[in-house]
Amino acid sequence: MSKVPYIDDKGFGLYESRAIGRYIALKYAGQGTQGLIPSHTDVEATAIFERAASLEYAQFDAHASKIVYERVLHTAMGLPVDEEAVKYAIDQLSAKLDAYKTILSKQAYLAGETVTLADLYHIPWGTSAKGKTVWAVEAVWGR
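The following refers to the structure shown. Bear in mind that the values here come from a model prediction, so they are computed numbers and not experimental data.

### Remarks on the overall build of the protein
- Check the secondary structure of the protein and you find six helices and two strands.
- Moving toward the C terminus, one meets the helices and strands of the protein in the order β-β-α-α-α-α-α-α.
- For the protein, the proportion of its 143 residues judged to be buried stands at 34%.
- Long-range contacts, defined here as pairs at least 24 residues apart, represent 54% of the contacts in the protein between residues at least 6 apart.
- Roughly 8,700 Å² of accessible area belongs to the protein as shown, and the carbon and sulfur atoms make up 58% of that amount.

### Here's the deal with the pairing of strand β1 (residues 6-9)
- Burial of β1 is one-sided: the residues Ile7 and Asp9 facing one way are buried, the residues Tyr6 and Asp8 facing the other way are not.
- When β1 meets strand β2 (residues 12-15), the two strands line up antiparallel, connected through four bridges. Residue pairing in the sheet places Asp8 in a bridge with Gly13 of β2.

### Some points on the environment of Phe12
- Mapped onto the elements, Phe12 comes out in strand β2.
- If we ignore the near neighbours within four places in the chain, the residues touching Phe12 are Ile7 and Tyr23.

### Points about the pattern of salt bridges
- Applying the stated criterion to the full structure yields seven salt bridges.
- Here Lys66 and Glu70 are joined by a salt bridge, their closest N and O atoms 3.0 Å apart. In this pair, Lys66 and Glu70 are both assigned in helix α2 (residues 43-76), four residues apart and thus about one turn of the helix distant.
- Judged by its relative accessible area of 32%, Lys66 is partly exposed.
- Between Arg71 and Glu83 there is a salt bridge, and its shortest N-O distance comes to 2.4 Å. Remark: Glu83 occurs in helix α3 (residues 83-104) and Arg71 occurs in helix α2; sequence separation between them is 12 residues.
- By relative accessible area, which is 11% here, Arg71 ends up buried.
- Given the relative accessible area of 40%, Glu83 is considered partly exposed.
- Linked by salt bridges that have partners in common, Arg18, Glu56 and Asp61 make up one network.

Calculation rules
- Residues numbered from 1 in each chain as written.
- Predicted model: local features only at pLDDT ≥ 70, side-chain atom pairs only at ≥ 80, totals over all residues.
- Heavy atoms only, no water.
- Helix = DSSP H or I, 4+ residues; strand = E, 2+ residues; numbered from the N terminus.
- Buried < 20%, exposed > 50% of the residue type's maximum accessible area, 1.4 Å probe, protein only.
- Contact = heavy atoms within 4.5 Å.
- Areas by Shrake-Rupley, 256 points an atom, 1.4 Å probe, with all protein chains shown as cover.
- Pairing = 2+ DSSP bridges.
- Salt bridge = Lys/Arg side-chain N within 4 Å of Asp/Glu carboxyl O.

Here is the structure:
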């Protein structure tokens, strides 16, 4: 398979990090991943989890990844940084984080009182963007 990330689990091949995370959490729930995805028998918890996962995918990822691509990857490859695109991404992400602040003022994690994949999905771009505060991301993460 030429896609990365990719997992081959006893002949079952799967790519895309979010799909892999869900697959592992569901398949191996009895081996330490329980709770990362709510039980499908709890329809309300599942709906809240899906809302949180959608927030990460549609509201966080697009803007945080743009900041990282421009500030980290373009810089590393010697390409020009599109400062207007970075500013737009920071402004958009800042507005989205206001909604996160509201959610997290009422509960410990995005999908409730326990950590789920929806929270963990923020780690790659979130830590990459936050680690580069010298590039104006501090406006977002300094909240």
